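Residues per chain are reported as follows:
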Amino acid sequence: MADITAFSTSRKDALAAVALIAMLALVPPAAWLLHDPFLVKVATRIVIFSLAAIAINLVLGYGGLVSLCHAGLFGIGGYVVGIAAFHVSEPIHLGPLVLGGSSDLAITLPLAMLVSGLMAMAVGAISLRTSGPYFIMITLAFNQMFYYAAIALQKYGGEDGLQILSTITLFGVDVGNRYRFYYVALAVLALATLLLGRAIGSRFGLILRAAAENETRVVVVGVQPWAYRLVAFTASGVLTGLAGALLAASQQFISPVDMAWDRSGDLVVMAVLGGIATFWGPILGAATFIALELMLSSWTQHWQLVFGLIILAIVVGLRGGLVDLLRLIMPKPAGKTT
Amino acid sequence: MTHDVLDIAGLNKWFGGLRATNDIMLSVREGEIHAIIGPNGAGKTTLLSQIQGLLRPDDGYIKLDGEDITYEPAHKRARRGIARSFQITSLISEFPVITNAALGVQARLGHSFRFWKQAGSDLELLEPALEALRLVGLDRRAGSLVRDLSHGERRQLELAIALAQKPRLLLLDEPMAGMGRQDTSRMISLIAGLKGQYSIILIEHDMDAVFTLADRISVLVAGHVIKTGTPEQIRNDADVRAAYLGH
């Protein structure tokens, strides 16, 4: 008897996701043993971009839509954290009202998610009326708008970016410590991975994925895919903004460079590199992307040429991204010979 | 008097200068199989697409159970119970067979903004989906991937998705197209088994199938219904013979 439940997130996928998170959790002890705290800094970046990559993959791999505005949403999340921290020392006066800033993640992360989610919803509501190349172009245009809007924020550093001077806390606890912050970010990634893993196997995921392959089929059974795509796009924006917020908090800095449109391209590359057919593949992609970037750039100035060739080789050689490589290496599970 | 499920009058559709649908009048009674025959290019598929809502008519009306649906979008009509199996199969190839059938079930269970429970173990979806597969004789292939199905099996799955919608009106667009003799006779007995339970519009080139299955037949020539009647009346009609059956 064939497997009727084959559609939904399998135990194998869940296991792969857990294994990846567990490996990431082992980085700080390893760094401590090797007396190399720099490893944690790199791993923090990997965790943050993994979050953005699995977020964009909800739209890309499961919704079949290439969005180039995710760097913008990422940056918006970062700026929310930066601006909120900026006003710690300089409260906003709105008539009789005085609004103090905050650098507590318990306040600023939800705020960043809210703002980037609302922005994503607005972008999605407009651009999801188109598809294919038009969708790509419209999202690209939105990214440019966000980018230049950030440059125009003279009060918050303009082109130079915005430094976060106050101490980053979580529920009042100082998380400026590199190790502590790392586990906060990793916990966020783990939670997001769990939620996405569930969502893509749910009824919602079924509609989203079916519409990506065959929109007419979905319409003629009685479902208008637009609203489902909008929810996916918004959720993706919320998580991408959250990733941006974490980046701003981790490097105590955010600048327009973080939201340039080619950064959106990087997120797409991370997802495709890892494999867009699984919800955990992009984590692998983000890790590989960042590790390669780091190694090659310390090796040669023209690292992007080598980088491009490696990515080309991986994508051409493994249609399903690095996930396919794992499938080749791993032995076939026993007892499932049929 | 038998109740009409579908009622069409004065329907027109132009493609530029071509009048693909020419003043069509058509009704489908509760529980009947109403076959539409006609030479290639007569506008049969164009007519189905207008009934389904994928094409907008220029003129005339379409009523389902007495309610005007002429300009309603396709997904709303589907919820009212219009289902179609496509001439060129339209399936989700990356999904297993049962998940394709579940799509038909899911749409009629209300909105799909459910994010946690896994569709792959959701009995509310799977049981009716499996039932629809059983009706078309595809239940043993429930776990296979669509890309591993034969042509005949894909046609069966098309029908299963439509049946999973529990349709008020079933539009079958050449369900036997491209099938071998064995598959064809299986499909004929399958549709015969649906007779009386569903109101069906059947488009088919296989005349044996049409005259075996249909309660009434409409003959479409150049976008116009030139005759509607029982198989007996159609077989003996001089105009029909001249226009279509004669050669």
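Further up the page is the structure itself.
No experiment lies behind these values; they were computed from the predicted model shown.

Calculation rules
- Position numbers for residues start from 1 in each chain and track the written sequence from start to end.
- Lettering of chains starts at A and numbering of ligands starts at 1, both following the order in which they are written.
- Only residues with pLDDT of at least 70 are given local features in this predicted model, and only at 80 or more are side-chain atom pairs given and counted; all residues enter the totals for whole chains, interfaces and linings.
- Going along the chain from the N terminus, every DSSP run of H or I of four or more residues is numbered as a helix, and every run of E of two or more is numbered as a strand.
- As a reference, a globule follows 2.2 Å times the number of residues to the power 0.38, and the radius of gyration itself is taken over C-alpha atoms.
- Exposure in this text rests on C-beta crowding, where 20 or more other C-beta atoms within 10 Å of a residue's own make it buried, 12 or fewer make it exposed, and counts in between make it partly exposed. The C-beta atoms are placed from the backbone.
- By the criterion used throughout, residues are in contact when their C-beta atoms, derived from the backbone, lie within 7 Å.
- Here the rule is simple: two strands pair whenever DSSP picks up at least two bridges between them.
- An axis is simply a line fitted to the C-alpha atoms; with a helix, the fit covers only the stretch in contact. Between two such axes, the angle follows the N-to-C directions and lies from 0 to 180 degrees.
- Classes in brief: Ala, Val, Leu, Ile, Met, Phe, Trp, Tyr, Cys and Pro nonpolar; Asp, Glu, Lys and Arg charged; the others, Gly included, polar.
- When describing relative orientation, an angle under 35 degrees is termed roughly parallel and one over 145 degrees roughly antiparallel, while 65 to 115 degrees is termed roughly perpendicular and anything else oblique.
- Residue count minus one, scaled by 1.5 Å, sets the expected span of a helix.

**Q** So what exactly am I meant to see when it comes to the overall build of chain A here?
**A** For chain A, the helix and strand inventory stands at 14 helices and six strands. What you see for chain A is a C-alpha radius of gyration of 20 Å, in line with the 20 Å of a compact globule of 338 residues. Counting only C-alpha atoms, chain A reaches 70 × 55 × 40 Å along its principal axes. With 338 residues in all, chain A has 48% of them scored as buried. For chain A, restricting intrachain contacts to residue pairs at least 6 apart in sequence, the fraction spanning at least 24 positions comes to 77%.

**Q** Whenever I open this one, the overall build of chain B confuses me. Can you help?
**A** Scanning chain B for helices and strands turns up nine helices and ten strands. For 247 residues, the compact-globule formula gives about 18 Å, and the C-alpha radius of gyration of chain B, at 18 Å, lands near that figure. By principal-axis analysis of the C-alpha atoms, chain B measures approximately 60 × 40 × 40 Å. The buried share of chain B, taken over its 247 residues, is 47%. Put simply, of all contacts in chain B between residues at least 6 apart along the chain, 68% involve residues at least 24 apart.

**Q** It is not clear to me how the sheet that holds strand 10 (residues 224-229) of chain B should be interpreted in this structure. Could you clarify?
**A** Sheets are built from strands paired through backbone hydrogen bonds, the pairs being either parallel or antiparallel. Residue and element names in this part refer to chain B. Pairing in this open sheet of six strands is mixed, and the strands run 6-7-8-3-9-10 from one edge to the other. Among the strands making up the open sheet, the edge pair consists of strand 6 (82-85) and strand 10. In this sheet, neighbouring strand axes are inclined to one another by 20° on average, regardless of whether the strands run parallel or antiparallel. One ladder, built from five bridges, connects strand 9 (residues 216-221) with strand 10; its direction is antiparallel.

**Q** Just to check I follow, could you spell out the interface of chain A and chain B for this structure?
**A** Quoted interface sizes are often the accessible area lost when the parts come together. Each partner contributes to the interface: chain A provides 30 residues, whereas chain B provides 36 residues. Only helix 7 (178-201), helix 8 (203-213), helix 9 (215-220) and helix 10 (225-251) of chain A provide two or more residues apiece to the side of chain A that touches chain B. When residues in the side of chain A that touches chain B are grouped by element, the largest group, six residues, is from helix 8 of chain A. Of the residues contributing to the side of chain A that touches chain B, the split by class is 16 nonpolar, nine polar and five charged.

**Q** Help me understand the pairing of strand 1 (residues 4-15) of chain B in this model?
**A** Consecutive residues of a regular strand have side chains that alternate between opposite faces of the sheet. Residue and element names in this part refer to chain B. Where strand 1 meets strand 2 (residues 18-29), eight bridges bridge the pair, whose relative direction is antiparallel. Looking across to strand 2, one finds that Phe-15 is bridged to Leu-18. Between the antiparallel neighbours strand 1 and strand 2 lie two residues, among them Gly-16 with a positive phi of about 60°. Direction of pairing for strand 1 relative to strand 4 (residues 59-64): antiparallel, over a ladder of five bridges. Bridge pairing links Asp-7 to Lys-63 in strand 4.

**Q** I'm lost on the packing of helix 7 of chain A against helix 10 of chain A in this one. Help?
**A** Helix-helix packing: each pair is described by the crossing angle between the helix axes and the interaxial distance. Residue and element names in this part refer to chain A. For the pair helix 7 and helix 10, interaxial distance at closest approach is 11 Å and the crossing angle is 175°. In terms of orientation, helix 7 lies roughly antiparallel with respect to helix 10. Together, Phe-181, Ala-185, Val-188 and Ala-192 of helix 7 and Leu-239, Leu-242, Leu-246 and Ser-250 of helix 10 make up the contact between the two elements. For the contact of helix 7 with helix 10, a count of residues per class yields seven nonpolar, one polar and no charged.

**Q** Would you mind going over helix 12 (residues 281-299) of chain A with me for this structure?
**A** Each full turn of the α-helix corresponds to 3.6 residues, which orients residues three or four apart in the same direction. Helix length check: helix 12 of chain A (19 residues) gives 27 Å between terminal C-alpha atoms against 27 Å at 1.5 Å per residue, within 8%. The inward-facing, buried residues of helix 12 of chain A contact helix 1 (11-25), helix 3 (38-60), helix 11 (261-274) and helix 14 (322-329) of chain A.

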